[in-house]
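Tertiary structure, described
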Amino acid sequence: MSEPVLSDATISLVKSTAPTLREHGLAITTRMYEMLFEEHPEVREMFGVPDGEQEKRLAGAVLAYAENIDRIETLVPTVERIAAKHVSSGVEPAHYAIVGDTLLRAMMHVLGEVELAVVEAWGDAYDFLANVFIGIEAQLYQAAPA
Ligand code: HEM
């Protein structure tokens, strides 16, 4: 799980999925949380009492990423806000592979026949973003040890 830079091909493939995500993003994240909580009950506890909005928040973040992946600097304030939330929830680096794997499977499940190249592009894009989160969160944990 290391993709130091996003290739132009990855950027344009991921960006091309934005209209689909606008339509099906909520179905994808709803499916993702179902699988995540079923397969990893220990992760469920981190989310507290479901407010029915978490699926929407994640779908919104995924769509914003797809739409802005070619000008990623505009996402910095959002990423920092989410990272702070993650740190207060105890999110650790190892969780990212679990969530990434589940998110990709949910995407394939909901979208059905999605091209392999698109799935691979999303895999790379997810790993890139996960590394950004992990880096920011490591700094936050260091600044305020639990
Ligand atoms: C690139 C991957 C991820 C994205 C895009 C993402 C996105 C988000 C967003 C948009 C929020 C809501 C922030 C707000 O309150 O406005 C959030 C909160 C949260 N995320 Fe993530 N997340 C990611 C990875 C993870 C991972 C790996 C975990 C670990 C299990 C995780 C656990 C949580 C938890 C526990 C919250 C707080 C939920 C609550 O308020 O109850 N996230 N995330």
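See the structure printed just above.
Here's what I pulled together on the structure shown here. (Residues numbered from 1 in each chain as written. Predicted model: local features only at pLDDT ≥ 70, side-chain atom pairs only at ≥ 80, totals over all residues. Heavy atoms only, no water.)

Brief notes about the site of the ligand
Just so we agree on the cut-off: Note on definitions. A residue lies near a molecule or strand when any single heavy atom of the residue is within 4 Å of it. Here a polar contact means two N or O atoms within 3.5 Å. Within protein one must be a hydrogen donor candidate and the other an acceptor candidate, and residues neighboring in sequence count only if both atoms are side-chain atoms. Secondary structure counts use DSSP, requiring at least four H or I residues in a row for a helix and at least two E residues in a row for a strand, with both numbered from the N terminus.
Near the ligand you find 19 residues, and of these Phe47, Arg81, Lys85, His86 and Val99 are the closest. At 2.8 Å, a side-chain N or O of His86 approaches a nitrogen atom of the ligand. When residues of the shell around the ligand are traced back to their parent elements, those giving at least two are helix H4 (54-68), helix H5 (76-89), helix H6 (93-111) and helix H7 (116-143).

Description of the packing of H4 against H7
Rules: Every angle, taken between N-to-C directions, lies between 0 and 180 degrees, and every axis is a line fitted to C-alpha atoms, over only the stretch in contact when it is a helix. Just so you know how the angles are binned, under 35 degrees is roughly parallel, over 145 roughly antiparallel, 65 to 115 roughly perpendicular, and the rest oblique. Only heavy atoms enter the contact rule, under which two residues are in contact if any of them lie within 4.5 Å. Lys, Arg, Asp and Glu make up the charged group, whereas Ala, Val, Leu, Ile, Met, Phe, Trp, Tyr, Cys and Pro make up the nonpolar group; the residues left over, Gly among them, are polar.
Contact pair H4 / H7: the axes reach a minimum separation of 12 Å and the direction vectors enclose 105°. When the interaxial angle is binned, H4 and H7 end up roughly perpendicular. Two secondary-structure elements touch here, H4 through Val62, Tyr65 and Ala66 and H7 through Trp122, Ala125, Phe128 and Leu129. Each residue belonging to the contact of H4 with H7 can be placed in one class, and the counts come to seven nonpolar, no polar and no charged.

Some details on the packing of aromatic side chains
The criterion, for reference: Only Phe, Tyr and Trp rings take part, Trp by its six-membered ring, and two of them pair if their centres are within 6.5 Å. Stacked means planes under 30 degrees apart, edge-to-face means over 60, and tilted covers everything else. Using a 1.4 Å probe on the protein chains alone, a residue whose accessible area is under 20% of its type maximum counts as buried, one over 50% counts as exposed, and one in between counts as partly exposed.
Using the criterion set out here, one finds five aromatic pairs in the structure. Judged by centre distance (5.5 Å) and plane angle (40°), the ring pair of Tyr33 and Phe37 falls under tilted. Of the two residues, Tyr33 and Phe37 both sit in helix H2 (residues 18-39), four residues apart, roughly one turn of that helix. Taken as a pair, Tyr33 and Phe37 share a single burial class, namely buried.

A few points about the side chain of Thr102
Turning to its location among the elements, Thr102 is positioned in helix H6. Its relative accessible area of 1% is what places Thr102 among the buried residues.

What to know about the side chain of Thr10
Among the secondary structure elements, Thr10 is positioned in helix H1 (residues 8-16). Aside from chain neighbours lying at most four places away, what touches Thr10 is Ala121, Asp124 and Ala125.

Digging into the pattern of salt bridges
The test is simple: Salt bridges are counted wherever a side-chain nitrogen of Lys or Arg sits within 4 Å of a carboxyl oxygen of Asp or Glu.
The tally for this structure, following the rule as stated, stands at seven salt bridges. Ionic pairing is found between Asp101 and Arg105, a salt bridge with its closest N-O pair at 3.1 Å. You can see Asp101 and its partner Arg105 sitting in helix H6, four residues apart, about one turn around the helix. Residue classification places Asp101 among the partly exposed positions, given a relative accessible area of 42%. Among the charged side chains, a salt-bridge network with shared partners connects Glu39, Asp101 and Arg105.

Let's talk about the coordination of the iron atom of the ligand
Basically, it comes down to this: Coordinating N, O and S atoms are those within 2.8 Å of the metal (3.2 Å for Na, K and Ca), and as water is not part of the atoms, a site may appear to have fewer donors than expected.
Among all protein atoms, only His86 (NE2) binds the iron atom of the ligand, sitting 2.1 Å from it. When you line up the elements, His86 lands in helix H5.

Thoughts on the nonpolar core
Selection rule: Only buried residues count toward a nonpolar core, which is a set of Ala, Val, Leu, Ile, Met, Phe, Trp, Tyr and Cys residues joined through side-chain atoms within 4.5 Å.
Judged by nonpolar contacts, the single largest core of 38 residues is most densely connected at Leu21, Tyr65 and Trp122. Contributions of two or more residues to this core are made by H1, H2, H4, H5, H6 and H7. Here this core gets twelve residues from one element, more than from any other, and that element is H7. Ignoring sequence-local partners within four residues, the contact set of Trp122 consists of Val14, Thr17, Leu21, Val62, Tyr65, Ala66, Leu104 and Met107.

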